[in-house]
Amino acid sequence: MITLSQRLSENAKSSRIVAAGDYLIDVIKQGEVIRILDLEGNQAADTLFYSADDPSERYSAMDTIRQQGNVYLSTGTILRSNEDRPMLEIVADTCGRHDTLGGACATESNTVRYDLNKRCMHACRDSWMLAVAENEHFGLTKRDITHNINFFMNVPVTESGGLTFEDGISGAGKYVELEALMDVIVLISNCPQLNNPCNGYNPTPIEIIIWDC
Amino acid sequence: MTVETTPPAQQQYLQTAEPLYDYLIPGGSHWSFRLRRGLALRLTDSEGGANLGALFYNPLDLLERYNAPDTLKCQHTFKLTTGHCLYSDMGRIFCSIVSDSLGWHETVCGNLNQTQVKQKFGEKTYQQARNEWHLGGYESFLVEVAKYGLGKKDLAANVNFFSKVTADSRGQMHYADGHSTPGSQLLLRFEMDTLVILQTCPHPLNPASTYPRRPVHCEIFAANPVADDDVCMNSRTENRRGFENNRLYHLGMDLVGVNPPQSASKEKARVEKP
């Protein structure tokens, strides 16, 4: 559901550009709001959340879609943890729906999906591997890299059981906003995928804006 | 234990009609075991209405595990049935569904924890009910993976064999009640050594008011080698590349004089890295 936000960027606590192929890792406190902004359109932001107090509690795609009875995420969706507790709520969304079934791209799955010779192309999971290696203080490892949200990505499921990656429904300036319901670690890979329409074959920067109320 | 009849569609995949091992997992229970490459696991819903939660790990590298999103997107599918392969996060195939009488098994709904089971079906502790207690799929998985040094962080989205959940054009999910009839059956052929984690706890969307307790019959066979016209390897070009990744993983294991036989070499590797 399309829902506009009243928050003004000049009142934000922080604002950062994340280039395609880069990652962002940060803590969002309970009550704070994070906006992920698709600056140039048709860009996928592969996102994971962890409880800052105990990162073994983390975003769970299964608990989230099962408890809301719908496979797509949009305004009103409560992101749930593997303990089935509410972690964040989507409070604004100008894109309409987001995917959480498609997972992240990895060099290994790229060999299967596209070509064995695409093994060495950059992928979201490599960004996350670098993120956990460069940020040891969060205590995250490969075990923590689980099933993520693909903000702005369009992965329609059909009634007969098909699933495809389609051209994005996002556009320049579209955004999604989430309010943290507990202190969370956010880990985003701005997707570098060049082999499917999720980025319009042209990965572009996103902006991350955080408000403290 | 009754030996299930092998339907003609399965005969080409099995070396013998008799299983090497079989076991009926009671409803509301859990079990785990290691299957070698080249074995096949036949799963039968003996009474109908079963749900079999399953997770898969590489026993030699427990960080490699079943990845539902990769499995779905690599094969452009939301359901699992004949022709589909179950992928690890490393682009390899744990096992292939070479035969399936049902047409739909789901892998996005997860499982119920003890609190949810209590809310849905009421509490039944071990003290009250002995082994007829109300176990949750989540704790069942935790118990089994802990036997291999794994924990909460290692639980991924599981397969729910014998359960069907559809999504309509708006994304609304619908549980297909009564989907699995008595005798429903699928055959998994293992393409690499795999740690298999199973639980027969209720599907999280099962609308039953009393705790559904349905057994699943597991039979292990020796599988025939993958033929050139194999149903899974040829169902999509992606799967041919998945099989090629498995070939790379096993490269050199059959070279005489270079490596000891497969099982001995793997046991050795396991002992050296406690």
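Residues numbered from 1 in each chain as written. Chains lettered and ligands numbered in written order. Predicted model: local features only at pLDDT ≥ 70, side-chain atom pairs only at ≥ 80, totals over all residues.

*Asks:* I keep staring at the overall build of chain B and nothing clicks. Help me out?
*Replies:* A count of helices and strands for chain B gives seven helices and 13 strands. The globule rule puts the C-alpha radius of gyration for 274 residues at 19 Å, and the 19 Å found for chain B is close to it. Overall, the C-alpha framework of chain B stretches about 60 × 40 × 40 Å when taken along its three principal axes. Put simply, chain B has 274 residues, and 49% of those count as buried. Sequence-distant contacts, at least 24 apart, represent 77% of the contacts inside chain B between residues at least 6 apart. (Helix = DSSP H or I, 4+ residues; strand = E, 2+ residues; numbered from the N terminus. Rg over C-alpha atoms; globule rule 2.2 N^0.38 Å. Buried ≥ 20, exposed ≤ 12 C-beta atoms within 10 Å, placed from the backbone. Contact = placed C-beta atoms within 7 Å.)

*Asks:* What is the right way to read the overall build of chain A from this model?
*Replies:* The secondary structure content of chain A amounts to three helices and 10 strands. Order of helices (α) and strands (β) in chain A, N terminus to C terminus: β-β-β-β-α-β-β-α-α-β-β-β-β. The C-alpha atoms of chain A give 16 Å as radius of gyration, which agrees with the globular expectation for 213 residues (17 Å, within 12%). Oriented by its inertia axes, the alpha-carbon framework of chain A measures out at about 45 × 35 × 35 Å. Put simply, chain A has 213 residues, and 49% of those count as buried.

*Asks:* Looking at this structure, how should I read the sheet that holds strand β2 (residues 23-28) of chain A?
*Replies:* Strands pair in a sheet through their backbones, by hydrogen bonds, and they do so in one of two ways: parallel or antiparallel. All names here are of chain A. Spatially, the four strands line up as an open sheet ordered β2-β9-β4-β7, and their pairing is antiparallel. At either margin of the open sheet sits one strand with a lone partner, and together these are β2 and β7 (149-151). Neighbour-to-neighbour, the strand axes of this sheet turn through a mean angle of 25°, independent of strand direction. (Pairing = 2+ DSSP bridges. Axes fitted to C-alpha atoms, helices over the stretch in contact; angles between N-to-C directions.)

*Asks:* Is there a simple way to think about the environment of B:Leu142 in this case?
*Replies:* Looking at where B:Leu142 falls in the secondary structure, it is placed in helix α5 (residues 137-146). Along the primary structure B:Leu142 and B:Leu41 are separated by 101 residues, whereas in three dimensions their C-alpha atoms are 22 Å apart.

*Asks:* Just to check I follow, could you spell out unusual backbone geometry for this structure?
*Replies:* Peptide bonds are trans in most cases, and residues, glycine excluded, mostly fall at negative phi. You will see that B:His76, though not glycine, has its phi angle at about 50°, which is positive. Here B:His76 is to be found in the loop between α2 (68-74) and β6 (85-87).

*Asks:* Can you walk me through the interface of chain A and chain B in this structure?
*Replies:* Buried accessible area, meaning the area lost when the parts come together, often serves as the stated size of an interface. Counting residues at the interface gives 35 residues for chain A, matched by 41 residues for chain B. Considered class by class, the residues forming the side of chain A that touches chain B number 12 nonpolar, 14 polar and nine charged. (Nonpolar A, V, L, I, M, F, W, Y, C, P; charged D, E, K, R; others polar.)

*Asks:* Looking at this structure, how should I read helix α1 (residues 61-68) of chain A?
*Replies:* At 3.6 residues per turn, the α-helix brings residues three or four places apart onto the same side. With six of its eight residues buried, α1(A) lies for the most part within the structure. The inward-facing, buried residues of α1(A) contact β5 (78-80) of chain A together with β10 (173-175) of chain B. The first or second residue beyond α1(A) is A:Gly69, which carries a positive phi of 70°.

*Asks:* Help me understand the confidence of the model for chain B, please; the structure alone is not making it clear to me.
*Replies:* Fine structural detail should not be taken from predicted coordinates in areas where pLDDT scores are low. Residue and element names in this part refer to chain B. Averaged over all residues, the pLDDT of chain B is 94; the fraction at 70 or higher stands at 93%. Counting contacts from residues 264-274, a segment whose pLDDT is below 50, to residues more than four positions away or on other chains yields six contacts. The ipTM for the predicted assembly is 0.97, set against a pTM of 0.95. (pLDDT = per-residue confidence, 0-100.)

*Asks:* Just checking my understanding: could you explain the pairing of strand β3 (residues 33-38) of chain A for this structure?
*Replies:* In the case of a regular strand, side chains alternate between the two sheet surfaces. All names here are of chain A. Most of β3 is tucked away, with six of its six residues classed as buried. A two-sided burial pattern is seen for β3, the buried positions comprising Val33, Arg35 and Leu37 on one face and Ile34, Ile36 and Asp38 on the other. Sheet topology places β3 next to strand β8 (residues 174-180); six bridges connect them, and they run antiparallel. Counterpart to Asp38 in the pairing with β8 is Lys174. Pairing between β3 and strand β10 (residues 206-211): six bridges, direction antiparallel. The partner of Asp38 across the bridge, within β10, is Ile206.

*Asks:* Mind showing me how you'd approach the sheet that holds β6(B) here?
*Replies:* All names here are of chain B. Spatial ordering of the open sheet is given by β1-β13-β3-β11-β7-β6, a layout of six strands whose pairing is antiparallel. The open sheet has two edge strands, β1 (21-25) and β6, and neither has a second partner. Ignoring strand direction, the axes of neighbouring strands in this sheet form an average angle of 20°.

*Asks:* Sorry, what's going on with the nonpolar core here?
*Replies:* Here is a general trend for soluble globular proteins: nonpolar side chains tend to be buried in one another's company. In this structure, A:Ile36, A:Phe49, A:Val184, B:Ala40, B:Ala54, B:Phe56 and B:Leu86 are the most contacted members of the largest nonpolar core, which totals 120 residues. Discounting chain neighbours no more than four positions away, the residues touching A:Val184 are A:Ile28, A:Phe49, A:Tyr50, A:Ser51, A:Ala52, A:Met87 and A:Leu88. (Core = buried A, V, L, I, M, F, W, Y, C linked by C-beta atoms within 7 Å.)

*Asks:* What is the right way to look at helix α3 (residues 124-134) of chain A in this model?
*Replies:* All names here are of chain A. Every buried residue belonging to α3 is among Cys124, Arg125, Ser127, Trp128 and Ala131, and all of these are buried. The buried residues of α3 occupy an angular sector of 155° when projected down its axis, which confines them to one face. Facing away from the buried side of α3 by more than 90 degrees, the exposed set consists of Ala133 and Glu134. Considering only its buried residues, α3 is in contact with β2, β4 (45-51) and β9 (184-190). (Arc of directions from axis to C-beta.)

*Asks:* Which parts of the structure should I look at to understand the environment of A:Arg125?
*Replies:* Residues and elements named next belong to chain A. Among the secondary structure elements, Arg125 is positioned in helix α3. Given 22 C-beta atoms within a 10 Å radius, Arg125 is considered buried. For Arg125, the residues in contact, after removing those within four places along its chain, are Ala104, Cys105, Ala106 and Ile145.

*Asks:* Please clarify how the environment of A:Thr47 should be interpreted in this entry.
*Replies:* Residue and element names in this part refer to chain A. Checked against the element boundaries, Thr47 lands in strand β4. Spatially, the C-alpha atoms of Thr47 and Cys191 are 9.8 Å apart, while their sequence positions differ by 144 residues. Setting aside anything within four residues of it in sequence, one finds Thr47 in contact with Asn148, Ile149, Phe151, Val186 and Ile188.

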